[in-house]
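# Observations on the three-dimensional arrangement
The lines below spell out each chain.
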Amino acid sequence: MSTEYNGYVTAERIEGDDAGPLAGRTVAVKDNISTEGVPTTCGSAMLAEYAPPYDATVVERLTDAGATIPGKTNMDEFGMGTTTETSAHGPTENPAAPGHVPGGSSGGSAAVVAAGDADMALGTDTGGSIRCPAAFCGVVGIKPTYGLVSRYGLVAYANSLEQIGPIAPTVEAAAELLDVIAGPDEHDATTRDNEGAVDGLADAADGDVEGLSIGVPTELIEGADEAVVETFWDAIDDLEAQGANYHEVTLPSLEHAVEAYYVIAMSEASSNLARFDGVRYGQSGGHEGNWNESFANAREKGFGEEVKRRILLGTYALSAGYHDKYYRKAQDARAWVKQDFDEALDEADVLASPTMPVPPMEMGESLDDPLQMYLADANTTPVNLANLPAISVPAGKTDDGLPVGLQLVGPAFGEETLVRAGSALA
Ligand code: GLN
């Protein structure tokens, strides 16, 4: 199934079992999640011809649960972007805001859900890539606690930060999908056996926020677009009217989160993407007999501009002499962010902010200024640094009709609270 907004990059159907909790439903899968024998390109020319020899654990769990996978969805190349415009397959348009980007990097997944071309979808979130497109397309997205969902078969971008998670039209449907994919996996040693943490998660979507305590970090409001902030406060008022209460908190470390995130993400990416050399993985670089030229040629042809930039910067940050100056400092900032979140979550059940500080950008205006694009991740990246769960639910629209998302952050394995609170809005 192709779409006029370019949501799918491969339309091969993968049929699920007859019975199971997701029987009869379609779940689109982001193109960096391995599907046996079905192209998995990561939005990159490097992997244009790659079809994995095995299924990711989450894909196995989907088909075992009866879901049908209608296709693989478009994404920023290797997950590097906030708009789905760095894809080698061309950009995806936002079905909920024509002429605008769907957010990224899981833009295809959010777009096919928003357009009704899949019942639900899987995305991946390294620094916001589930929550940003969910917010921009007016749907729900959950970034699970690190270790809740197996990453086996996910093509790694920055593995200490990322998780696979659900995108769906409602909180209840997102919770149902998370129920199916969550849980320990012998193929991924970072998964945790957190008995019952998310069992029957969909039942928690009862909208009961009586007595819920919400902390609002002022750092995540300052600097956000006025129309976004207005819509955000309307949603908080709505929660308050339903019995929740809120207070403002300050988390000084958050000012440094985007910088720390990009140093760590690029460093990990420079190591993870070393396997794409045309020999182990990727399109061959030719030049028989001279491996140096062959590798260089494969990478020159196979990678787009943003991916090259990040590999270069990541390699630089990890190199002898600069390691202490950049990478070590970023790790210190990461520990500080974790500590700030833990303290704030001692005094509140959840923390709330706009998911994105800006409404969806117009198509074609973001790639010229990478730094500006990185800053748009100010509210989402801290959560990945702290390995915490977060949900983005639709908060409303700006006067111009652009969707705005509300982000709720919870304690580790506190998905149930996020689902309960989020379902009061969507
Ligand atoms: N926009 C962020 C980045 O480019 C987040 C991407 C993601 O979560 N995969 O790194």
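This one's a predicted model, so the numbers in the text were calculated from it and none came from an experiment. (Residues numbered from 1 in each chain as written. Predicted model: local features only at pLDDT ≥ 70, side-chain atom pairs only at ≥ 80, totals over all residues. Heavy atoms only, no water.)

Of the regular secondary structure elements, the protein chain holds twelve helices and eleven strands. Taking 426 residues into account, the globule formula puts the C-alpha radius of gyration at 22 Å, and the protein chain, at 20 Å, falls close to it. Dimensions of the protein chain, computed from C-alpha atoms along their principal axes, come out at roughly 70 × 55 × 45 Å. When burial is assessed residue by residue, the protein chain has 60% of its 426 residues classed as buried. Once local pairs closer than 6 in sequence are excluded, the contacts in the protein chain between residues at least 24 apart make up 75%. Surface exposure of the protein chain reaches about 15900 Å², of which carbon and sulfur atoms provide 46%. (Helix = DSSP H or I, 4+ residues; strand = E, 2+ residues; numbered from the N terminus. Rg over C-alpha atoms; globule rule 2.2 N^0.38 Å. Buried < 20%, exposed > 50% of the residue type's maximum accessible area, 1.4 Å probe, protein only. Contact = heavy atoms within 4.5 Å. Areas by Shrake-Rupley, 256 points an atom, 1.4 Å probe, with all protein chains shown as cover.)

What the rule picks out here adds up to zero disulfides. Summary of cysteine pairing: Cys 42 is not part of a disulfide, and the nearest cysteine sulfur, belonging to Cys 132, is at 19 Å. The exposure class assigned to Cys 42 is buried, which follows from its relative accessible area of 1%. Unpaired in this structure, Cys 132 has its nearest cysteine sulfur neighbour in Cys 137, at a distance of 8.6 Å. (Disulfide = S-S within 2.5 Å.)

Tracing the sequence through the fold places Ser 423 in the segment after helix H12 (415–422). Within the structure, Ser 423 has its side chain in polar contact with the backbone nitrogen of Gly 207 (distance 2.9 Å). (Polar contact = N/O pair within 3.5 Å; in protein donor to acceptor, adjacent residues only side chain to side chain.)

Within strand S7 (residues 213–217), five of the five residues are buried, which leaves the element mostly enclosed by the surrounding structure. Going residue by residue along S7, you find Ser 213, Gly 215 and Pro 217 tucked away on one face and Ile 214 and Val 216 tucked away on the opposite face as well. By the bridge criterion, five bridges tie S7 to strand S8 (residues 245–249) in an arrangement that is parallel. Pairing of Gly 215 across the sheet is with His 247, part of S8. What joins S7 to S8 is helix H5 (residues 226–241), and the crossover it makes is right-handed. Of the pairings in the sheet, the one linking S7 to strand S9 (residues 350–354) comprises two bridges and is parallel in character. Note that in S9 the partner of Ile 214 across the bridge is Val 350. (Pairing = 2+ DSSP bridges. Right-handed = clockwise from strand over helix to strand, strands pointing away.)

Here we come to the pattern of salt bridges. As enumerated under the stated definition, the model contains twelve salt bridges in all. The shortest N-O distance in the salt bridge between Arg 151 and Asp 188 comes to 4.0 Å. Here Arg 151, found in the loop between strand S5 (140–143) and strand S6 (163–168), pairs with Asp 188, found in the loop between helix H4 (171–181) and S7; they are 37 residues apart in sequence, far enough to count as distant. Given the relative accessible area of 14%, Arg 151 is considered buried. A salt bridge links Glu 306 to Arg 310; its shortest N-O distance comes to 2.8 Å. One end of the pair, Glu 306, and the other, Arg 310, are both in helix H8 (residues 305–318), four residues apart, so they sit about a helical turn from each other. Note on Glu 306: relative accessible area 7%, which makes it buried. Residues joined in a network through salt bridges with shared partners are Asp 206, Glu 416 and Arg 420. (Salt bridge = Lys/Arg side-chain N within 4 Å of Asp/Glu carboxyl O.)

So, about the site of the ligand. As a matter of local geometry, the ligand sits amid 15 residues, with Thr 126, Gly 127, Ser 129, Tyr 157 and Tyr 261 nearest to it. One nitrogen or oxygen atom from the main chain of Gly 79 is found 2.9 Å from a nitrogen atom belonging to the ligand. Thr 82 is positioned such that a nitrogen or oxygen atom in its side chain is 2.9 Å from a nitrogen atom of the ligand. With the chains in place, 99% of the 290 Å² that the ligand exposes on its own is no longer accessible. More than half of the atoms of the ligand fall within 2 Å of the grid points belonging to the largest cavity. Taken together, the residues that form the shell around the ligand break down as four nonpolar, eight polar and three charged. (Near = heavy atom within 4 Å. 1 Å grid on protein atoms, 1.4 Å probe; cavity = no way out; pocket = protein on both sides within 12 Å on 5 of 7 lines; lining within 4 Å. Sits in = over half its atoms within 2 Å of the grid points. Nonpolar A, V, L, I, M, F, W, Y, C, P; charged D, E, K, R; others polar.)

Counting through the fold element by element, Ala 241 comes out in helix H5. Since its relative accessible area comes to 71%, Ala 241 is described here as exposed. Here the alpha-carbon distance between Ala 241 and Ser 106, two residues 135 residues apart in the chain, equals 33 Å.

Following the criterion strictly, the structure yields two cavities of 30 Å³ or more and no others. Contributing to the lining of the largest cavity are 16 residues, with Gly 81, Ser 129, Tyr 261, Tyr 262 and Asp 377 lying nearest its centre. Its residues assigned to classes, the lining of the largest cavity comprises five nonpolar, nine polar and two charged. What the second largest cavity holds in volume is close to 50 Å³. Lining of the second largest cavity is provided by Ala 135, Phe 136, Val 228, Met 356, Val 358, Pro 359, Pro 403, Val 404 and Gly 405. If you list the elements that add at least two residues to the lining of the second largest cavity, you get helix H3 (131–137) and strand S11 (403–409). It is S11 that contributes the most residues to the lining of the second largest cavity, three residues altogether. When its residues are assigned to classes, the lining of the second largest cavity shows eight nonpolar, one polar and no charged. (Points joined across faces, edges and corners; volume = space filled by probe spheres on them.)

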